Amino acid sequence: QVQLQESGPGLVKPSQTLSLTCTVSGGSLSSFSDASYYWSWIRQPAGKGLEWIGRIFPSGDTNYNPSLNGRVIMSIDTSKRQFSLRLYSVTAADTAVYYCARGNYGSGKADYWGQGTLVTVSS
Amino acid sequence: DIQMTQSPSSLSASVGDRVTITCRASQAISNFLIWYQQKPGRAPKVLIYAASTLQIGVPSRFSGSGSGTDFTLTISSLQPEDFATYYCQQTYNTPRTFGPGTKVDFK
């Protein structure tokens, strides 16, 4: 059973950088580096819908949501089975629950998710 | 970006009811459509992928149909544990986009 766990500060000041890490456990050790999967970040403001932030492949290739205006960088460390999100120049509008998830290359389904972590942007 | 819409935005139903939720894409997405269920305080859970394929472990009362721009999620007989919010998502291209959600609550 694959498990994902987000970690990082729950409070970030405006204009600063939001940094989160997702640690993957369970499943086969090689599955994290398997090209059949990729690793995503999704967020959800309180009481609102889901927003796709982006994804990273084991190769390090990435796709980001253009709505974030180039403020996103994702990275991956296959040896630690971790991937990370950095969101720069945050504002109150970036306050949300942030989820990490595993995507399947063929269908695109996100079949395993972290429990989510609330990040609040406030001074 | 592909825009996803859902209807209704909310509905009230009773246990045993047949429930249908529709999702429409702003352009053709073939069958690259996922349905998720989300309960309060929990991460979304995949129900259906490729528009009509039931995810392993999901009860058979859930079904999906459609292709192109119009899709449907049906719950054949609503159970107490099905009261939740349902989202569709297109996986045809990036950025992936979600519908705004349909909240199913008690009548």
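Nothing here was measured: the structure is a model prediction, and the numbers come from that model.

Asker: I keep staring at the environment of T91 of chain A and nothing clicks. Help me out?
Answerer: Residue and element names in this part refer to chain A. Secondary-structure assignment places T91 in the loop between β8 (82-87) and β9 (96-104). The exposure class of T91 is partly exposed, given its relative accessible area of 40%. Taking C-alpha positions, T91 is 22 Å from C22, a pair spaced 69 residues apart along the chain.

Asker: What exactly am I supposed to notice about the nonpolar core here?
Answerer: One recurring pattern in soluble globular proteins: nonpolar side chains tend to sit buried together. Counting 25 residues, the largest nonpolar core has M4, I21, L33, W35 and Y86 of chain B as the members making the most contacts within it. Of all elements in the fold, only β2 (10-13), β3 (19-25), β4 (33-38), β5 (45-49), β8 (70-75) and β9 (85-90) of chain B reach the threshold of two or more residues within this core. Looking at this core, the element that brings in the most residues is β3 of chain B, giving four residues. Every residue in contact with Y86 of chain B, bar those within four places of it in the chain, is listed here: Q6, I21, Y36, Q37, L47, F62, L73, I75, G101, T102 and V104 of chain B. V2, L68, L87 and A96 of chain A belong to the second-largest nonpolar core, a separate cluster that totals 24 residues.

Asker: What exactly am I supposed to notice about the sheet that holds strand β7 (residues 62-67) of chain B here?
Answerer: Pairing between the strands of a sheet is mediated by backbone hydrogen bonds and can be parallel or antiparallel. Residues and elements named next belong to chain B. Overall, antiparallel pairing links the four strands, which are arranged β1-β3-β8-β7 in an open sheet. Unpaired on one side and paired on the other, β1 (4-7) and β7 mark the two borders of the sheet. Averaged over all pairs of adjacent strands, the angle between their axes in this sheet comes to 20°, without regard to strand direction. Bridge count for β3 against β8 is six bridges, and the pairing is antiparallel. Paired with R24 across the bridge in β8 is D70.

Asker: Explanation requested: the interface of chain B and chain A in the structure shown.
Answerer: For interface size, the figure often reported is the accessible area lost on association. Taken together, the contact pairs 18 residues of chain B with 21 residues of chain A. Across the chain B/chain A interface, buried area totals approximately 1500 Å², and carbon plus sulfur atoms make up 59% of it. Per-residue buried area on chain B facing chain A is highest for P44, R96 and F98 of chain B; these three make up 32% of the total on that side. There are zero salt bridges connecting chain B and chain A. Counting across the interface, chain B meets chain A through eight residue pairs in polar contact (both at pLDDT 80 or more). Of all elements in the fold, only β4, β5 and β9 of chain B reach the threshold of two or more residues within the side of chain B that touches chain A. Counting residues per element, the side of chain B that touches chain A draws most heavily on β4 of chain B, at three residues. Here the residues of the side of chain B that touches chain A are counted per class, giving ten nonpolar, five polar and three charged.

Basis of the calculations
Residues numbered from 1 in each chain as written. Chains lettered and ligands numbered in written order. Predicted model: local features only at pLDDT ≥ 70, side-chain atom pairs only at ≥ 80, totals over all residues. Heavy atoms only, no water. Helix = DSSP H or I, 4+ residues; strand = E, 2+ residues; numbered from the N terminus. Buried < 20%, exposed > 50% of the residue type's maximum accessible area, 1.4 Å probe, protein only. Core = buried A, V, L, I, M, F, W, Y, C linked by side-chain atoms within 4.5 Å. Contact = heavy atoms within 4.5 Å. Pairing = 2+ DSSP bridges. Axes fitted to C-alpha atoms, helices over the stretch in contact; angles between N-to-C directions. Buried area = accessible area lost by both parts, 1.4 Å probe. Salt bridge = Lys/Arg side-chain N within 4 Å of Asp/Glu carboxyl O. Polar contact = N/O pair within 3.5 Å; in protein donor to acceptor, adjacent residues only side chain to side chain. Nonpolar A, V, L, I, M, F, W, Y, C, P; charged D, E, K, R; others polar.

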